Amino acid sequence: YDSEESDDSDNEQEKDKDGKNAKAKDDDEKEDDSQDGDEEESSYEDDGVRKSAAALVVGAGSFHDPPFAQGMAHFLEHMLFMGTTKYPVENQYDAFLSKNSGSDNAYTELEHTMYHMEVSQEKFFEALDMLSQFFISPLMLKDSVERELNAIESEFQLSKNSDE
């Protein structure tokens, strides 16, 4: 759920939650599309679990950051994963997905922020409820703020020297 905006718009490097460059994402997805083959086969992972997926695009990205709070969209992207009123345990969503053959990611672009996930079909609606709660009732706990600011700074430092 990480991406990083740079103050230098010519050198903007977006990061996904695993710290990889999201900029290459479009090229990777295009390659994946051409390699999918049979659509039914592509919905099965190597472990044989049939999965469902969802994505949500929020129409706010780093271009929407106020001048006095650059990085706000990215910071909020991080904070949404830190619990909700209905699911108050920090990182409960990620743990749930991992336990149920799933994964998720998020990244902040210039004009939008993307959240996406996949999970075993049997757990799809529960996972979708957890994701939707990010936007209904996030906790935004004070205890999480400093930790997430440090995570964002680490991402920035890693991408700063990247040639990608």
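In what follows, the structure referred to is the one given above.
What this report covers is the structure whose coordinates are included nearby. No experiment lies behind these values; they were computed from the predicted model shown.

## Digging into the pattern of salt bridges
Part 1 of the argument: Under the counting rule described, the total for this entry stands at three salt bridges.
Part 2 of the argument: In this structure, Lys-51 and Glu-118 form a salt bridge, with 3.7 Å as the shortest nitrogen-oxygen distance. On the criterion of sequence distance, the pair formed by Lys-51 in strand E1 (residues 51-58) and Glu-118 in strand E3 (residues 113-120) is long-range, its members being 67 residues apart.
Part 3 of the argument: Residue classification places Glu-118 among the partly exposed positions, given a relative accessible area of 24%.
Part 4 of the argument: Notably, a salt bridge pairs Glu-90 with Arg-147, separated by 2.5 Å at the nearest N-O pair. Remark: Arg-147 occurs in helix H6 (residues 142-160) and Glu-90 occurs in the loop between helix H3 (72-80) and helix H4 (92-99); sequence separation between them is 57 residues.

## Some points on a nonpolar patch on the surface
Part 1 of the argument: There is a patch of nonpolar side chains on the surface, built from Met-72, Leu-76 and Met-140 and spanning about 220 Å² of accessible area.
Part 2 of the argument: If you trace the backbone, Leu-76 turns up in helix H3.

## A closer look at the nonpolar core
Part 1 of the argument: If you look at the biggest cluster of nonpolar residues, it comprises 20 residues, and the most contacted ones within it are Phe-81, Tyr-93, Leu-97 and Met-117.
Part 2 of the argument: Where this core is concerned, the elements lending two or more residues are H3, H4, E3 and helix H5 (124-136).
Part 3 of the argument: Considering each element in turn, this core owes the most residues, five residues, to H5.
Part 4 of the argument: For Leu-97, the contacting residues outside a window of four places in its chain are Gly-102, Ser-103, Asp-104, Met-117, Glu-118, Val-119 and Ala-127.

## So, the side chain of Glu-77
Part 1 of the argument: Relative to the helices and strands, Glu-77 is located in helix H3.
Part 2 of the argument: Within the structure, the side chain of Glu-77 is placed 2.4 Å from the side chain of Thr-108, a separation counted as a polar contact.

## Considerations on the packing of aromatic side chains
Part 1 of the argument: Overall, the coordinates contain seven aromatic pairs when judged by the stated rule.
Part 2 of the argument: A ring pair is formed by Tyr-93 and Phe-134, whose centres lie 5.0 Å apart and whose planes are at 75°; its orientation type is edge-to-face. Residue Tyr-93 is located in helix H4, and its partner Phe-134 is located in helix H5; the two are separated by 41 residues in the primary sequence.
Part 3 of the argument: What makes Phe-134 buried here is its relative accessible area of 3%.
Part 4 of the argument: Clustering of aromatic rings is evident, with ring pairs tying together Phe-81, Tyr-93, Tyr-115, Phe-134 and Phe-135.

## Structural notes on the sheet that holds E3
Part 1 of the argument: Read from one edge to the other, the open sheet built from three strands follows the order E1-E3-E2, with strand pairing classed as antiparallel. Because the sheet does not close on itself, it has two edges, and the strands there are E1 and strand E2 (103-108). Looking at each pair of strands side by side, their axes are set apart by 10° on average, direction ignored.
Part 2 of the argument: As judged from the six bridges shared by E2 and E3, these two strands associate in the antiparallel manner. By the bridge assignment for E3, Asn-105 is matched with His-116.
Part 3 of the argument: Contacts from H3 reach E2 and E3, with the element oriented near 160° to E2.
Part 4 of the argument: Against the sheet, H5 makes contact with E1 and E3, and its axis sits at roughly 160° relative to E3, the strand it touches most.

Each value, and the rule that gives it
Residues numbered from 1 in each chain as written. Predicted model: local features only at pLDDT ≥ 70, side-chain atom pairs only at ≥ 80, totals over all residues. Heavy atoms only, no water. Salt bridge = Lys/Arg side-chain N within 4 Å of Asp/Glu carboxyl O. Helix = DSSP H or I, 4+ residues; strand = E, 2+ residues; numbered from the N terminus. Buried < 20%, exposed > 50% of the residue type's maximum accessible area, 1.4 Å probe, protein only. Patch = residues over 30% accessible without salt bridge, like charges linked within 9 Å, V, L, I, M, F, W, Y side chains within 5 Å. Areas by Shrake-Rupley, 256 points an atom, 1.4 Å probe, with all protein chains shown as cover. Core = buried A, V, L, I, M, F, W, Y, C linked by side-chain atoms within 4.5 Å. Contact = heavy atoms within 4.5 Å. Polar contact = N/O pair within 3.5 Å; in protein donor to acceptor, adjacent residues only side chain to side chain. Phe/Tyr/Trp six-rings, centres within 6.5 Å; stacked < 30°, edge-to-face > 60°. Pairing = 2+ DSSP bridges. Axes fitted to C-alpha atoms, helices over the stretch in contact; angles between N-to-C directions.

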